[in-house]
Every structure is written in C-alpha cells, then in structure tokens.
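As a plain string of letters, each chain reads:
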Amino acid sequence: MRKACLVFCSLLCVVTIAGATAPEVMTKMAPSAATVTAPDAVSPLKLAVEMGLLHQRLVSERPEGETYNLGALTAAESARLAGDEVNQNQRLLVGVDRSVDAIVDVASTEESPAKLSSTNQVGSLHTLIDGAVVWSATFRSPGATALRAHLVDIDLPDGVLLYAYGETGDAYGPYTGNGSSNRREVWTNTVLGDVLTLQLEIAAPVTEEQLWGSYFSVASVGHMGDRFNLARWQDETPEKSFCTINADCVENADCSSVPGAIAAAEPAVAEMLYASRSSYYICTGTLMADTGGSMTPYFLTANHCISTSDEAASLETYWDFTAPCGTTACSYAWEIVGRATPGAVILSGNDTSDYTLLQLDAIPSGRTFLGWTAAAVANSNGTDLYRLSHPSGAPQAYSTHDVDTSKYECSSWPRGSWIYSKDTYGATEGGSSGSAVLNSSGLIVGQLSGACGFNLNDVCDAESNATVDGALAAYYSSVSQWLDAGACDPSPEVCDDGIDNDCDGLVDQEDPDCDSCTPETEVCDGVDNDCDGLIDEDGVCDAPACLEYGERCTVNADCCSDYCRGNRNKKCR
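Once a new chain begins, its residue numbering starts again from 1 and follows that chain's sequence as written. Given that this is a predicted model, residues contribute local features only at a pLDDT of at least 70 and side-chain atom pairs are listed and counted only at 80 or more, while totals for whole chains, interfaces and linings are drawn from all residues. As a rule here, side-chain values come from all non-hydrogen atoms in the structure, and water together with hydrogens is ignored.

Draft legend 1. Spatial organisation of the overall build of the protein chain. Strands are runs of DSSP state E lasting at least two residues, helices are runs of H or I lasting at least four, and both sets are numbered from the N terminus onward. Helix and strand content of the protein chain: 9 helices and 29 strands. Burial classes: relative accessible area under 20% of the type maximum marks a residue as buried, over 50% as exposed, and values in between as partly exposed (1.4 Å probe, protein chains only). Buried positions account for 52% of the 573 residues belonging to the protein chain. Long-range pairs, those at least 24 residues apart, make up 68% of the contacts in the protein chain between residues at least 6 apart in sequence. For the area figures, the Shrake-Rupley method with a 1.4 Å probe applies, and any residue is considered shielded solely by the protein chains shown. Working note: accessible area of the protein chain is about 23600 Å², and carbon and sulfur atoms make up 51% of it. Whether two residues are in contact is decided by their heavy atoms: any pair within 4.5 Å suffices.

In structure tokens, the structure reads:
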C-alpha cells in the first residue's frame, strides 16, 4: 500500500508546492447508492465438508504418474522474493511466476505417465470402470507456501471438467469452457503447500470431440513465498496486539470498537492476489453497489494494483479473512475454504485518482455491496473516515482517519483528486492499497493510494505522514455509467468506441447493433464483405480446399479452422 513518496514527496517536493492553490474539485452531486447485503451465506462448515469430499474423490480417481519437479528457484527469483521489492509500486510482493510451458493433450496421452521431455507433454490418464476418462499432472515447486497454475490455449468442450488441488485438503473447480471473459486462459485457485495437481475428468460416454478438445498448455506455475502465507508459520507473540507480521499500531478489526455502519462492510472487503510482470502481489478491494440494486459484482481497488486486463484476469479474491480477537499468530486464518474466487475484467480505471473499477467473474454467497457518495470530502477538514484492509496480507484490520487539509501534498497527488488524512486509530501497510475509505454512514468516498510524508518507514508516525486516498468525487463521471442506473443518457450505439452508448448494458461487439453488415463485393481481405457468413470463400478468392474438424493434418494451414492440434496423430480442430 505505502506510496513510494521518497521519490514523489521529499522535503524539497513539499516546500516547492507548499504555496500552491488547491485544485478544482468536482461539485456535481449524484445520487448515493445504498449498501445492499445478499442473503443466504453458506456456512464455512458446509463449505469445508464439500471441499473435503471433493478432494477425497479427486485423489481416489487420480491416475498413477510422476510429479514434475520444477526445481529450486533461480537466484533472480529468490532475490526478488527476499529483496526490497516487497512494496514495489506500493503493492505487497508475495510470489514469483515460474515458466513451465507444458502441453496437455489428452487424446495423445497414453495410459501411462507422459514425460516432461522435448515435446513438453505432461500428464497421465486412465479409464474408470464406468468408462469415464481421467487425466492428471502434478507439479512441485520446492519451498513454496502455495501454488497456482496459469493455463492458456484452453477451450474445453461441454462435459469436460478441470480441477486444481493440493496435498492439504484444498480443492477447487470445476473450471470449464474457455476461462475468464472468453480469453482462452485460466488462472486456477491457489492451493497451500508446494504441490499442485491438475485433474481433468470426462464422464462416460466419452466422445471424440471431448477427447480432442481436451487440449491446453500450462504456461506457468505461481510460487508463493513466505510473505504470502507468513502468518501461518509465525510463533505467537502475546505482547503484540495483532499478527506478528504487522506493525504494533495495526489493529485487528475484531478487537476494535467498529461502528455498525462500518462493520457491515466486512463481507464486502476482500484480499486480492494477482499476477503482474512475473510476480504475484497482494492488495485490497471492496464490492460496490449500484443505484439499481442489481448486485453486479463491481469491485473497487487502486490502479497501481491492477491496471491491465491480464492482471484483472489473474485476480483471486479472498473473502471473510478475519481473525478473532487475541490472535497473534493468525495461524488458522488462511483456512478459508470455498471463499476464494478467481477472475475479473476492468470496466474503468486510470492513474488520475489512482482507481480501477472491476467486475468480478464470481463471488461467494452472502456478500455486502457498499453504498457510495460522489460528495467531495477532500477539503472538508476534520471529516471522519474509516477503513477495513489487509495490511501485510493479514486478516482484516481496522483504522480511522480525519481529513487534514494542513497535511503537505505530494506533487503527484494533488488535493481534491486525492484525500489527505491523519491516522487517528490503527494504520495501513503494504497490502492495504486499494482498500475503500468510508464516511460515517459507511459510504465509499475513495480508495487507498498510499502515504505522503517524511518518515514513511514508520507506518505508526501519523504526525509526519499523511494517508492518501484517491477521491471518488474526482473520477465519478468515469464510473457513473455502471454505478448509477440513471446516469446513462441513451444515444445511438457507436461500434468500437468502448462505450455503451444506448444504455442497454452491452458494449461494442457484444451489442447486436454492431453486428449489422452492409453487402459489398467480396474481396480477399479476411472480411465477410458480401455478408453471406463466409470470409474469402471459394469461387471468389480461389482458396485451396481445407480439412474439416477431426481430419488428419500436418500444419495449421491444412485446416479450415487454421488449427492443427496434437503432437502425434495430428487432427484439425
């Protein structure tokens, strides 16, 4: 979380801008959204039982096969995990991405272990007594506290189910189809320990299409280090008020007198794990309500946490991560079965006010969607603010702040677009970035960017440092089309502008209005010019004959689909 203001906000920076006038702030008000809670949360015990039964079944059906050992971390990987990059770009670095580049080709896998050889094909399979086919491959990254896999080129046929599980009883899935937002890739859930098994199942009767379609690549395996699961292994330290990984001033939410309006936000707050540039980071995010009460999983975080579609797709959100008062080791707190959900898409975001609004692929039951207000508070000195976050990746912590217009400004964060406040209870740390800051009514007014001050190495020094949040009031116009059901002014749909012009909830090529075709003379240019559903068809472009699905091929160009798949016995897909 903590802003690297040793770069942005040295003493020289503060003196230079001390006399600057406050920037213009948004004055247009919009309707506030009310906080909404979804009913019927599933009990943790029920989820634990269901996961245990799934894990037991998967292990019992797993084919015999070797474990693919990825070997020790490279010197560069070890240095990255152990070095000063822990708060690079204000994010908490907790893992590294290890390249695997292994091929899964179920139709070409014999009923014996496949070697991780020059072909990079992995896994083994067998047929169950009822005719179902089961394939699996197990990967080990020594020293990892947890693992997750990144799968690419995946588009599983109907009836093909993929699971990921570890050795400690955690199991996730099924993963189906082509992954998050039809990207043909999947980031699995994270399993504890240094062993991860991928297992694919096809129920009987198994079709040829299911076998040949069960093809993808394991691009990499995410190796989490001690910082990710550090709380699990720490010895208890009775004199500390919270987890051993946190500064003394960080306060456990469960030990604090949290106002009811703020406590209601706990089911809306999630710890975030995501991949970015070959590393894994932790931040915090919060579910937001829309004025229509649709319970669409809009999720607010910081732009310095997630700013690309790849980062969003890799996101895994951990819910209900709390620790009872008196916990110092937080050793059991990671036992949150069934409460981790992967995948998201970016709706809006930029580094102005440092915000990103996501839509999550899925959430557990019983979530709370927090209301918000576009009322500006950045220049309302003394306004009380409240926060729940995951400092250093710990369970939910609680902090309070007062808007302080006397705090110095970092030049990259002008007051108005950002809210400057003084910590009055608790504190934030790396991992808190992106956490929503709330007013006394429990409404979101911004999200955490970091800190600005003169003693940033001491998160408990509230006198020298200011906590800085991106102001919702400053970027509300960029997110209103999702959050305010009445904010969209219908106009004719324009294709390829990234905007839902006609307010029907569909954007560009998702909208049937963008599927219209004006017939023209067919030209061999890769476009269906004459609107007959064919592109550069025979008789017009004299395209060579091509092979259909399932026919034997040698190269991609042999196939009408331009997709020749398989290591041996290649066939068109």
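There's more to say after this.
Draft legend 2. Up close: the pattern of salt bridges. What makes a salt bridge here is a side-chain nitrogen of Lys or Arg within 4 Å of a carboxyl oxygen of Asp or Glu, nothing more. Tallied over the full model, the rule gives 13 salt bridges. Across the pair Glu50 and Lys46 runs a salt bridge, and its minimum N-O distance is 2.4 Å. In this pair, Glu50 and Lys46 both sit in helix α3 (residues 44–61), 4 residues apart, roughly one turn of the helix. Residue Glu50 is classed as partly exposed on the basis of its relative accessible area of 39%. By relative accessible area, which is 44% here, Lys46 ends up partly exposed. The network of salt bridges with shared partners includes Arg57, Glu61 and Glu201.

Draft legend 3. Representation of the pairing of strand β26 (residues 444–453) in the model. Counting buried positions along β26 yields 10 of 10 residues, so the element is predominantly enclosed. Hairpin connection from strand β25 (residues 436–438) to β26: 5 residues lie between these consecutive antiparallel strands, with Gly442 at a positive phi of about 80°. Two elements, β26 and strand β27 (residues 465–471), share 7 bridges in a ladder whose sense is antiparallel. Note on β27: the bridge partner recorded for Cys452 is Ala466. Should DSSP find at least two bridges between two strands, the strands are regarded as paired.

Draft legend 4. Up close: the packing of aromatic side chains. Between rings of Phe, Tyr and Trp, where Trp is taken as its six-membered ring, a pair exists when centres lie within 6.5 Å; planes separated by under 30 degrees are stacked, by over 60 edge-to-face, and by other angles tilted. A complete count under the given rule lists 10 aromatic pairs for this structure. Where Phe299 meets Trp319, the ring centres are 6.0 Å apart and the plane angle is 70°; that geometry is what we call edge-to-face. You can see Phe299 sitting in strand β16 (residues 298–301) and its partner Trp319 sitting in strand β17 (residues 316–319), a full 20 residues away along the chain. When the ring of Tyr355 is compared with that of Tyr475, the centres are 3.9 Å apart and the planes differ by 0°; the resulting orientation is stacked. Here the residue Tyr355 occupies a position in strand β20 (residues 355–360), and Tyr475 occupies one in helix α9 (residues 472–483), the gap between them amounting to 120 residues. The ring centre of Tyr281 lies 3.8 Å from the NZ or CZ of Arg91, which sits over that ring. For a Lys NZ or an Arg CZ to count as sitting over a ring, it must be within 6 Å of the ring centre and within 35 degrees of the ring normal. In this structure, Arg415 packs its charged tip against the face of Tyr420, placed 4.7 Å from the ring centre.

Draft legend 5. Molecular detail of the side chain of Gln396. Along the polypeptide, Gln396 turns up in the loop between β22 (384–389) and β23 (397–403). As used in this structure description, the phrase polar contact means that two N or O atoms lie within 3.5 Å; if the pair is within protein, one of them must be able to donate a hydrogen and the other to accept it, and residues adjacent in sequence are counted only when both atoms belong to side chains. Looking at Gln396, its side chain comes within polar contact range of the main-chain oxygen of Glu266, at 3.1 Å.

Draft legend 6. Structural detail: the nonpolar core. Of all hydrophobic cores here, the largest spans 49 residues; its most connected members are Tyr274, Met288, Phe299, Leu315, Trp372, Ile444 and Val479. Put simply, the parts of the chain that give this core at least two residues each are β3 (92–105), β14 (269–276), β15 (279–288), β16, β20, β22, β25 and α9. Sort the elements by how many residues they give to this core and α9 lands first, with 6 residues. With sequence-adjacent residues up to four places away left out, Tyr274 is seen in contact with Arg91, Arg148, Ser279, Tyr280, Tyr281, Ile282, Cys283, Cys305, Ile306, Glu311, Ser314 and Leu315. The nonpolar core is taken to be a set of buried Ala, Val, Leu, Ile, Met, Phe, Trp, Tyr and Cys residues, with the residues joined through side-chain atoms within 4.5 Å. Counting residues in hydrophobic clusters, the runner-up holds 37 residues, among them Leu54, Ala102, Trp135 and Tyr175.

Draft legend 7. A look at α9. Helix span is expected to be 1.5 Å times the residue number reduced by one. Its 12 residues give α9 an end-to-end C-alpha distance of only 12 Å, which falls more than 12% under 16 Å, the value for a rise of 1.5 Å per residue. Listing the buried residues of α9 in full gives Leu472, Ala473, Tyr475, Tyr476, Val479, Ser480, Trp482 and Leu483.

Draft legend 8. Summary view of the state of the cysteines. Here, the term disulfide refers to a pair of cysteine sulfur atoms separated by no more than 2.5 Å. What the rule picks out here adds up to 7 disulfides. Across the disulfide, Cys249 is cross-linked to Cys460 (sulfur-sulfur distance 2.0 Å). A torsion of -90° about the S-S bond marks the disulfide between Cys249 and Cys460 as left-handed. Residue Cys249 is found in the loop between α6 (226–233) and β13 (251–252), and its partner Cys460 is found in the loop between β26 and β27; the two are separated by 211 residues along the sequence. Relative accessible area serves as the criterion here: at 17%, Cys249 is assigned to the buried category. Residue classification places Cys460 among the partly exposed positions, given a relative accessible area of 35%. The disulfide that involves Cys410 links it to Cys452, with 2.3 Å between the sulfurs. In this structure, the disulfide formed by Cys410 and Cys452 twists by about 105° around the S-S bond and is classed as right-handed. Here Cys410 is found in the loop between β23 and β24 (418–425), whereas its partner Cys452 is found in strand β26, with 42 residues between them in sequence.

Draft legend 9. Main features of unusual backbone geometry. With an omega of 5°, the peptide bond between Gly173 and Pro174 qualifies as cis. Within the element layout of this structure, Pro174 appears in strand β8 (residues 171–175). At the junction of Ala204 and Pro205, the peptide bond is cis and its omega measures out at 0° in the coordinates. Along the chain, Pro205 turns up in the loop between β11 (195–202) and α5 (208–213). The residue Asp101 is not glycine, and still its phi comes out positive at about 55°. Mapped onto the secondary structure, Asp101 falls in strand β3. Take Asp101: its relative accessible area is 47%, and that puts it in the partly exposed class.

Draft legend 10. Representation of the pairing of β11 within the structure. Most of β11 is tucked away: 8 of the 8 residues are buried. Here strand β5 (residues 133–140) pairs with β11 via 8 bridges, running antiparallel. Each bridged residue has a counterpart across the sheet, and for Ala137 the counterpart in β11 is Leu198. Note: strand β7 (residues 160–165) against β11, 6 bridges, orientation antiparallel. Each bridged residue has a counterpart across the sheet, and for Ala164 the counterpart in β11 is Leu198.

Draft legend 11. Structural detail: the confidence of the model for the protein chain. Residue-level confidence of the predictor is what pLDDT reports, using numbers from 0 through 100. On average, residues of the protein chain score 82 in pLDDT, and 77% of them are at 70 or above. Within the model, the stretch residues 1–29 combines pLDDT values under 50 with 70 contacts to residues more than four positions away or in other chains. Residue range residues 112–118 is modelled with pLDDT below 50. Its contacts to residues more than four positions away, or to other chains, number 20 contacts.

Draft legend 12. Broad picture of the environment of Gly430. Within the secondary structure, Gly430 sits in the loop between β24 and β25. For the pair formed by Gly430 and His390, sequence separation is 40 residues and the distance between their alpha carbons is 8.4 Å.

Draft legend 13. Representation of the environment of Cys546. By the secondary structure assignment, Cys546 is in the loop between α9 and β28 (564–565). Look past the residues within four positions of Cys546 in its chain and what remains in contact with it is Asp558, Cys559 and Cys560.

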